[in-house]
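Survey of secondary and tertiary structure
Residues per chain are reported as follows:
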Amino acid sequence: MEKKVWRAVVSVGAAAVFTGVAAAPAGAAEGGVSFTRVQVNGGKPIVIGVSNEVRAPTSFRMATTKQWKWPAVFLYRGNTGERLWHAIETSDCIKVSSGVCDFDESMYFDPSEWDMRNSEAGAWKVAAEVYFQGGGGDTDDEGLTVYVKRNSRLTVNASPEPVSKGGTITVTGKVTRANWETRKYASYEGRLVSLQFKPTGTTSYTTVKKVYANSSGNLKTTVKASTTGTWRWVYYGNTTTGSSTSGGDNVIVK
C-alpha cells in the first residue's frame with residue numbers, strides 16, 4: 001500500500017502540501033466531519049499549458065467538533081484513489097460559528113516542475129478530507145466533476161491585404177495543443193474550427209463557416225471580400241482540450 005505524501009512548504013498564515021497517489025478510496029471515512037459549499041475553479045475547466053503554473057481557486061466549508069489539521073479538497077479518479085499531482089495552499093480557519101470553518105484553497109498545477117501525462121486530461125472527481133490531531137481522519141466524495149484540460153492555440157493569416165471588393169480572401173491558420181509529456185505544442189489534427197468575421201466599426205464576430213484541420217493541424221479556406229474587417233479562428237474545445245481563439249487579422253477591402 002502506497003503512503004500518501006504531504007510536504008509543507010508554507011508556514012505563515014496558511015498551510016501548503018503536495019498531493020500524490022493514495023491507496024485509500026475517496027469516501028473511505030472515519031466520520032465526524034461535514035464538508036459543504038465546495039467549489040473548484042468557479043466551475044470552469046482547469047486548462048494547463050506546457051510551462052506556466054496554473055492556479056485554480058477553491059473553497060469549502062468544514063464542520064466538526066474534533067481537533068483537526070490539514071483540511072483540503074483534491075481531485076481523484078477511480079476506486080483506488082488515484083490523485084492528480086498538484087500543490088495545495090489553504091487558508092487558516094475563517095470562523096463561521098463554533099466548530100464551523102470556511103477555507104480558501106488554491107490548487108497549483110505546474111507542468112514545468114511535475115511530469116504530467118497526457119492521459120490525465122479529462123474528467124476528475126472531487127473529494128474533501130481532513131486529518132485529526134492524534135491520528136485518523138475523514139474523506140468524503142463531494143459528487144462534483146472537474147475537467148482538467150490541455151491548452152490549445154490558434155494562429156491566423158488572411159490575404160491578400162488589401163483586396164478588391166468581390167475578390168477572394170484566403171484565410172489560413174493552425175491549431176495546436178499542449179503535449180504535457182514533451183512540454184511542447186503539437187499539431188492537433190482533425191479539429192472542427194470556426195472562421196469568424198467582424199466588420200470594421202462593429203463589436204461582435206459572426207461565424208462564416210467551419211473548417212476541419214488537416215493531418216498537420218493546418219487550416220485553409222477562401223471567402224469573398226465584401227467589406228473591411230477582421231478575421232479570426234475559434235476552436236471550442238472538448239473534454240480533454242481547452243478552447244482557444246486566434247488573434248485577429250484585418251483585411252481592407254477597396
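One can find the structure itself at the top, above this paragraph.
First, a word on what this report is: a plain description of the structure on this page. (Residues numbered from 1 in each chain as written. Predicted model: local features only at pLDDT ≥ 70, side-chain atom pairs only at ≥ 80, totals over all residues. Heavy atoms only, no water.)

Let's talk about the overall build of the protein
Rules: Working definition: helices are DSSP H or I runs of at least four residues, strands are E runs of at least two. Numbering for both runs from the N terminus. Burial classes: relative accessible area under 20% of the type maximum marks a residue as buried, over 50% as exposed, and values in between as partly exposed (1.4 Å probe, protein chains only). Residues are treated as being in contact if the distance between any of their heavy atoms lies within 4.5 Å. Only the protein chains shown count as covering a residue, and every accessible area follows the Shrake-Rupley method with a 1.4 Å probe.
Each helix and strand counted, the protein has zero helices and 20 strands in total. A burial count over the protein gives 44% of its 254 residues as buried. Of the contacts made within the protein by residues no fewer than 6 positions apart, 66% connect residues no fewer than 24 positions apart. By element, 48% of the accessible surface of the protein is carried by carbon and sulfur atoms, the whole surface being about 12,800 Å².

Considerations on the nonpolar core
Worth spelling out the cut-off: Nine residue types can take part in a nonpolar core, namely buried Ala, Val, Leu, Ile, Met, Phe, Trp, Tyr and Cys, and a core is a set of them joined through side-chain atoms within 4.5 Å.
In terms of nonpolar packing, the biggest core is built from 29 residues, with Ile46, Ile48, Val73, Leu75, Phe109 and Val148 touching the most fellow members. Of all the secondary-structure elements, those providing two or more residues to this core are β2 (34-40), β3 (46-48), β4 (54-63), β5 (68-77), β9 (100-109), β10 (122-132) and β11 (137-150). Setting aside anything within four residues of it in sequence, one finds Val73 in contact with Val38, Val40, Thr58, Phe60, Ile88, Glu105, Met107, Val126, Ala127 and Ala128. If you look at the next biggest cluster of nonpolar residues, it comprises 20 residues, including Val193, Val211, Trp231 and Trp233.

Some details on the pairing of β11
Here is the rule we go by: Strand pairing requires that DSSP identify at least two bridges connecting the strands.
Looking at chain direction, β3 and β11 are connected through three bridges and run parallel. Across the sheet, Ile46 pairs through a bridge with Val148, a residue of β11. Pairing analysis gives ten bridges linking β10 to β11, with the strands arranged antiparallel. Its bridge partner being in β11, Glu129 is matched across the sheet by Thr139. If you look at the hairpin formed by β10 and β11, you'll find four residues sitting between the two strands, and Gly134 has a positive phi there, around 90°.

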